[in-house]
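Chain by chain, the residues:
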Amino acid sequence: TQTRLRTLADTALAGFRENIDISGRDVLIPAALGFDLALVLHELATNSSKYGALSVKKGRVSLTWKLDETDGASSLALEWHDRGGAQDQAKTPAAVGTGFGQRLIASLIERKWGGEMSLSKDDGYRLRAEMRAVGSLRARMLCSPWQSVQVAASRLPRRRAMPWADPCKSSAAL
């Protein structure tokens, strides 16, 4: 089964949406990756609400992602940028990035999904993660919002979801 990354991000960050800018093409990702990314996003939002941009009214977080498909291989690049919060005012503990949550994020991204992760605190808190196609990670871009409207929603749930199915194709093409 699969999930839409945009829906996952909106749901996982629902309690903080007024201070978070989310951008990126909607992509279908495997459900297992979706579960893990929901944990990662929840951990980032929780830390931000304690120490970062989500702990102050004027703080902002941007979450962006990009899917790159080159030579039949996919990679998903994700970035969380937390700025205008307590960490920008030197209130963040010196050990940020070494706690359980950070180890959990690194474990999921680097070990489980074979990705790479980097942290920066130069301009707020910035986490960059890239997960390459390693067997189970193969994402597909969804159609444009205009095409999505044209796809009959009532038709999609009745069809058995095929791995990496493109909801923008006609039912005959699927």
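Rules used in this analysis
- Residues numbered from 1 in each chain as written.
- Predicted model: local features only at pLDDT ≥ 70, side-chain atom pairs only at ≥ 80, totals over all residues.
- Heavy atoms only, no water.
- Helix = DSSP H or I, 4+ residues; strand = E, 2+ residues; numbered from the N terminus.
- Buried < 20%, exposed > 50% of the residue type's maximum accessible area, 1.4 Å probe, protein only.
- Contact = heavy atoms within 4.5 Å.
- Areas by Shrake-Rupley, 256 points an atom, 1.4 Å probe, with all protein chains shown as cover.
- Lys, Arg positive; Asp, Glu negative; His and termini not counted.
- Salt bridge = Lys/Arg side-chain N within 4 Å of Asp/Glu carboxyl O.
- Pairing = 2+ DSSP bridges.
- Axes fitted to C-alpha atoms, helices over the stretch in contact; angles between N-to-C directions.

A. Quick peek at the overall build of the protein chain. Along its length, the protein chain carries five helices and eight strands. In sequence order, the protein chain lays out its α and β elements as β-α-β-β-α-β-β-α-β-β-β-α-α. Evaluated residue by residue, the protein chain yields a buried proportion of 39% over its 174 residues. Sequence-distant contacts in the protein chain: of pairs separated by 6 or more residues, those separated by 24 or more amount to 64%. Per element, the accessible surface of the protein chain, about 9,800 Å² overall, is 54% carbon and sulfur.

B. Focus on the side chain of Glu 43. If you trace the backbone, Glu 43 turns up in helix H2 (residues 31–51). No salt bridge forms around the buried Glu 43; measuring N to O, its nearest opposite-charge neighbour Lys 50 is 6.5 Å away. Setting aside chain neighbours within four positions, we find Glu 43 in contact with Gly 101 and Ile 105.

C. Molecular detail of the environment of Ala 38. Of note, Ala 38 is situated in helix H2. Along the sequence, Ala 38 and Leu 13 sit 25 residues apart, while their C-alpha atoms lie 8.8 Å from each other.

D. How the structure looks around helix H3 (residues 100–112). Taken as a whole, H3 has its buried residues at Gly 101, Gln 102, Ile 105, Ala 106, Leu 108 and Ile 109. Buried residues belonging to H3 abut H2, strand S6 (116–120) and strand S7 (125–132). Taken from the residues just after H3, Gly 114 is the one with a positive phi, measuring 65°.

E. Quick look at the pairing of S7. As defined by bridge partners, strand S5 (residues 73–83) adjoins S7 across eight bridges and the pair is classed as antiparallel. Among the inter-strand pairings, Ala 77 is bridged to a residue of S7, identified as Glu 130. Bridge analysis of S6 against S7 gives five bridges, and the strand direction is antiparallel. Bridge pairing links Ser 118 to Arg 128 in S7. Linkage of S6 to S7, two consecutive antiparallel strands, is achieved through a turn of four residues, within which Gly 124 is found at a positive phi near 80°.

F. Fine view of the environment of Glu 116. With respect to the helices, strands and loops of the structure, Glu 116 is situated in strand S6. For Glu 116, a relative accessible area of 47% translates into the label partly exposed. Apart from the residues lying within four places of it in its own chain, the contact partners of Glu 116 are Ile 109, Glu 110, Arg 128, Ala 129, Glu 130 and Arg 132.

G. The side chain of Ser 62, seen in detail. Structurally, Ser 62 can be placed in strand S4 (residues 60–70). What Ser 62 contacts, discounting residues up to four positions off in sequence, is Asp 21, Glu 79, Trp 80, His 81 and Arg 83.

H. Inspection of the sheet that holds S4 at higher detail. Read from one edge of the open sheet, five strands run S2-S4-S5-S7-S6, paired in mixed fashion. Of all the strands in the sheet, the pair left with one neighbour each is strand S2 (20–23) and S6. On average, each strand axis in the sheet is tilted by 10° relative to the strand beside it, whichever way the strands run. Relative to S5, H2 is tilted by about 15°, and along the sheet it contacts S4, S5 and S7. Of the strands in this sheet, S6 and S7 are in contact with H3, which crosses S6 at around 145°.

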